[in-house]
Structures are given as C-alpha cells and as structure tokens.
Amino acid sequence: MNKAPRGTADILPLEQAYWRFIKEKAESLCQLYGYERIETPIFEEASLFIRSIGEGTDIVEKEMYVFKDRGGKLMALKPEGTAPVCRAYLEHGLFNLPKPIRLFYFSPIFRYERPQAGRYRQHYQFGFEALGDADPYLDAEVIELAWQFFLSLGLKGLRLELNSIGCKMCRPVYREKLKEYYSGYILKICPDCQRRFIQNPLRLLDCKKPSCIEIGENAPHSLDYLCPDCKRHFQNLIHYLEILGLPYNLNHRLVRGLDYYTRTVFEVQPPEGGAQSTLGGGGRYDDLIEELGGNPTPAVGFAAGIERIILNLKKNNIPVPPSPKPNFFISSIGDKAREEAIKLASLFRKEGLGVILAPAGKSLKAQLRQANSRGIPYTIILGEDEIKRNVIRLRNMKSGEEKEIPRHELLSYLKDLTR
Ligand code: AMP
C-alpha cells in the first residue's frame, strides 16, 4: 500500500476547521488593509528561484525540488512565494497600477528538508507583499498586519524580532567585518558554518548550534554599519512601530535565509522559541524586481507557515469554530419512503438547507444512531404512514423530542429553525 511521501501530510476533514479559521482571519485582515489575492503556479522555471533566493542558500543548494519537464526545461516546485509574485508583477504590467501594489496569497511550498515536527517537505504559506514603495511606513504596515494576524488567531506571548541588514552599498562593508570577526573562530564553528564563512557569511549568524550561537552573540552588529540612507530608513521604521504600539526586540543575529532581503528583516516567534519555531518572517527586498529584469522597485513582504500556526493553536488549546455541517439528516423506512427522502433531500439543497441522506437498508434505530454520531441536530423521519398522511416527523436529536409537520409547511418551518 502506498503512503503519503515523507514530509507531506494529508489534511483530513477533522483538521479542516483550523485551516478554514486561519484562512478566514487572514482574508478578512487583508481586506481591511487593502491587500488583494493573487495565485501563481506551483512550479516555475528554476532560474527564477536561483536568481532571486541566491545560489549559496540552503534552499537553492539542497532543498529545491528541481526537474526537467518533457520539453527539457529546468523547472522547480515553488520553494517560496515572493519571487513568483514579483515575476507576475512584471509579466502582467502590474507596475502600471497605482503603487504600492498590495497582494496576498496562500500557497503550497516545497522544500526537501529533513522532516520533523513543524518542518515538512510540503507546507503551506500565507504571505503578502507591498510592491513599489520605499516608504518605511510600508515596512511598519506589513509588520502590523503580520502581528494583527497572529493576535486575531488568539496566539499570545509572541515576540517580534527585528533587524536591518543594510543595502548593497553598506552590506559588503559589514560582511567584511563579520568575516574578520569569524576568522578568529574558524576552527570552533561547525562544518556548516565553515562553508557559510566562504559562501554566505551573514548566515553564520543564524546557525542554531549552541556553540555557534555563543560565538554569534559577540559578532559585530549590522545596525552599526548601516549607510546614512539605511540608518534613516530604520530609524523611521522604529518611529512608526512605536506610533503603532508594536513591541519589537532588536536582534542582531536575525538575517533570514534568502539572499534577496535588504534593510528591514523581521520574524515572529512563539514564546518558547527553538529551532523549528518561527511562525513567520519577512522584510524588504528592494533589489529583487530589478534583478528579475524590471525597473528598480522597492518592496516589502511577509510569509507565515500554516502548519506551524496550527501546532501552536493546538499546543495552547485555542479553540477554533467547527466546520459548518448540514443541519438535517433524512431517514426513511421502506422503498417508497426512501424515494421520497431522495426527492426531499434534493429539494432542500436547492433551497439552501444542508442534508445528509441516511444509508439504505438500515433500521430506523441504526439510522438515528448515525445522525447522532455525525452530530446532526435534526432528523426527518419518513415512513409509509407519514407519506400517506402527507406529513414528516422531525426529531430534535439532542432532546429526543418529535413533532409532526405537514409537508406544505415543511420548508418554511425548517428555514425558521436554522435562521
Ligand atoms: P521562510 O520562507 O523560510 O521565511 O518561511 C516562512 C515561514 O514558513 C516560516 O516562518 C515557517 O512558519 C514556515 N516554514 C518554512 N519552512 C517550513 C517547512 N519546511 N515546514 C513547515 N513550515 C515551514
């Protein structure tokens, strides 16, 4: 028997209440902030991600699902959501619309990682992007929207970590300072970090190994090496965050795993922290659209992992509204009554009333037991006698109370009941 591929999961009906709850909160918040939905394909030309995420990153080097299609083109399953949105922005001339363009998405994301709790090979992200404006207010807006999203789900005690990693002018200076510092520890850092030292020194700072964390604590801070423009941008952002009352923590070790970030980077962490705990993260990527062939276009965005949010909702016993179910179950006794029941169920559904029809050939007792175990509040009972007399019996499954209702009053009676 086949199983779901390692690191993937089936999202069964019982789980769907969480997904629905999160999506509804996300969508209604996006609407309040003027973000509009976009969907992009689940695969793209691999070069899109190699150019944007960066060649030396874990995602491109080790985690991307890459394949040649039958025409010989190198494709990749989406390992993140931002680059495809930027590609769509350029491809469809969205830059002609009033800026900033505000977009949001839900998307499956694929990364060949070592599966563990909170880390999968296919997971889902809710993300949003504001394209075409360098105003630090927009960074604050994106951070506020992310923060409000988590609050609206009922998550508490979260931390908002913030840093600025500068731009292409000042980051090289900082990178050199960082290398200078780490060259004194080259034999003490882990083998992965020894590789990062050569390929991607900023990533040295977010190694999760305890000995590397300790070394990272005393490393130079990017905030001390910002050029005047980046410094001003960061100060203005802090000002806006304070106006908005958002509780940020400066974290000089926060760099994020994708190369396209510039200036602002931020993450939202649950109270316990830990390696696989980040609920969501984002930042500015002012050079990405130009790198993909467009005009210089500053932009800022955020993405959160839905599975990790669900893990946290469960861990904190946060209740979510149950998925809506049909209010009515129709049971029948005898062949004639079953035909009537089939007709009645169809009519109800056309009238907007949810119905589940009892399976054929079961005793009334077994039918009622099924209605109960499905948690359906009302059962309609149809037997030969009811058909003859043009009535139905309506049973309240909680109280067990039964009532006879004439057929011609039935629809309006049931509609009143569920109003
Ligand atoms: P990133 O695109 O790496 O910034 O990830 C954004 C968010 O997606 C993270 O904060 C996590 O919540 C979630 N995430 C990233 N990778 C995974 C994964 N392999 N499995 C589950 N969730 C993930």
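These lines cover the structure that appears in this document, whether it is placed above or below. Computed from a prediction, not measured in an experiment: that's the story for all the values here. (Residues numbered from 1 in each chain as written. Predicted model: local features only at pLDDT ≥ 70, side-chain atom pairs only at ≥ 80, totals over all residues. Heavy atoms only, no water.)

**Comments concerning the site of the ligand**
Step number 1: In the vicinity of the ligand, 14 residues are found, and the nearest of them are Arg111, Glu113, Tyr120, Arg256 and Thr278.
Step number 2: Tyr120 places a main-chain nitrogen or oxygen 2.9 Å from a nitrogen atom of the ligand.
Step number 3: Measuring from an oxygen atom of the ligand, one finds a backbone N or O atom of Gly280 at 3.3 Å.
Step number 4: Across the complex, the protein chains shield 92% of the 480 Å² of accessible surface that the ligand would expose by itself.
Step number 5: Elements supplying a minimum of two residues to the shell around the ligand: β6 (122-131) and β11 (299-305). (Near = heavy atom within 4 Å. Polar contact = N/O pair within 3.5 Å; in protein donor to acceptor, adjacent residues only side chain to side chain. Areas by Shrake-Rupley, 256 points an atom, 1.4 Å probe, with all protein chains shown as cover. Helix = DSSP H or I, 4+ residues; strand = E, 2+ residues; numbered from the N terminus.)

**A closer look at the pattern of salt bridges**
Step number 1: On inspection of all chains with the given rule, the structure shows 32 salt bridges.
Step number 2: The shortest N-O distance in the salt bridge between Arg37 and Glu27 comes to 3.0 Å. In this pair, Arg37 is assigned in strand β1 (residues 36-37) and Glu27 in helix α1 (residues 16-33), connecting sequence segments ten residues apart.
Step number 3: Taking the relative accessible area as the measure of exposure, Arg37 reaches 39% and is therefore partly exposed.
Step number 4: With a closest N to O distance of 2.8 Å, Arg284 and Asp139 form a salt bridge. With Arg284 in strand β10 (residues 280-284) and Asp139 in helix α5 (residues 136-152), this pair connects stretches of sequence that are 145 residues apart. For the pair shown, Arg284 and Asp139 are each scored as buried.
Step number 5: Here the salt bridges share partners, and the residues they tie into one network are Asp58, Glu61, Lys62, Asp192 and Arg195. (Salt bridge = Lys/Arg side-chain N within 4 Å of Asp/Glu carboxyl O. Buried < 20%, exposed > 50% of the residue type's maximum accessible area, 1.4 Å probe, protein only.)

**Focus: the sheet that holds strand β2 (residues 43-45)**
Step number 1: Across the sheet, three strands lie side by side as β2-β4-β3; this open sheet has antiparallel pairing. Each edge of the open sheet is held by one strand with a lone partner, namely β2 and β3 (66-68). Averaged over all pairs of adjacent strands, the angle between strand axes in this sheet comes to 35 degrees, irrespective of strand direction.
Step number 2: Sheet analysis places β2 next to strand β4 (residues 74-77), joined by three bridges and oriented antiparallel. Opposite Phe43, over in β4, you have Leu77 as the bridge partner.
Step number 3: Contacts from helix α2 (residues 46-53) reach β2, β3 and β4 within the one sheet, and its direction differs from that of β2 by about 75 degrees. (Pairing = 2+ DSSP bridges. Axes fitted to C-alpha atoms, helices over the stretch in contact; angles between N-to-C directions. Contact = heavy atoms within 4.5 Å.)

**With respect to the pairing of strand β14 (residues 378-382)**
Step number 1: With five of five residues buried, β14 lies mostly within the body of the structure.
Step number 2: Of the two faces of β14, both are covered, the one formed by Tyr378, Ile380 and Leu382 as well as the one formed by Thr379 and Ile381.

**Brief notes about a nonpolar patch on the surface**
Step number 1: Taken together, the side chains of Ile42, Phe43 and Phe67 make up a nonpolar region of the molecular surface, amounting to roughly 250 Å² of accessible area.
Step number 2: Checked against the element boundaries, Phe43 lands in strand β2. (Patch = residues over 30% accessible without salt bridge, like charges linked within 9 Å, V, L, I, M, F, W, Y side chains within 5 Å.)

**So, the sheet that holds strand β5 (residues 101-110)**
Step number 1: One open sheet holds the eight strands; their spatial order is β1-β5-β6-β11-β10-β9-β7-β8, and the pairing between them is mixed. Of all strands in the sheet, those bounded by a partner on one side alone are β1 and β8 (248-250).
Step number 2: Here β5 runs beside β6; their pairing, made up of ten bridges, is antiparallel. Bridging across to β6, Tyr105 finds its partner in Gly127.

**Some details on the nonpolar core**
Nonpolar side chains in soluble globular proteins tend to be buried together.
Step number 1: Phe149, Phe150, Ile309 and Leu313 are the most contacted members of the largest nonpolar core, which totals 51 residues.
Step number 2: In this view, Phe149 contacts Ile22, Ala26, Leu29, Phe126, Ala304 and Ile309; residues no more than four positions away in its chain are not counted.
Step number 3: Core analysis: the second largest hydrophobic core is formed by 48 residues, Ile59, Tyr89, Ile165 and Cys212 among them. (Core = buried A, V, L, I, M, F, W, Y, C linked by side-chain atoms within 4.5 Å.)

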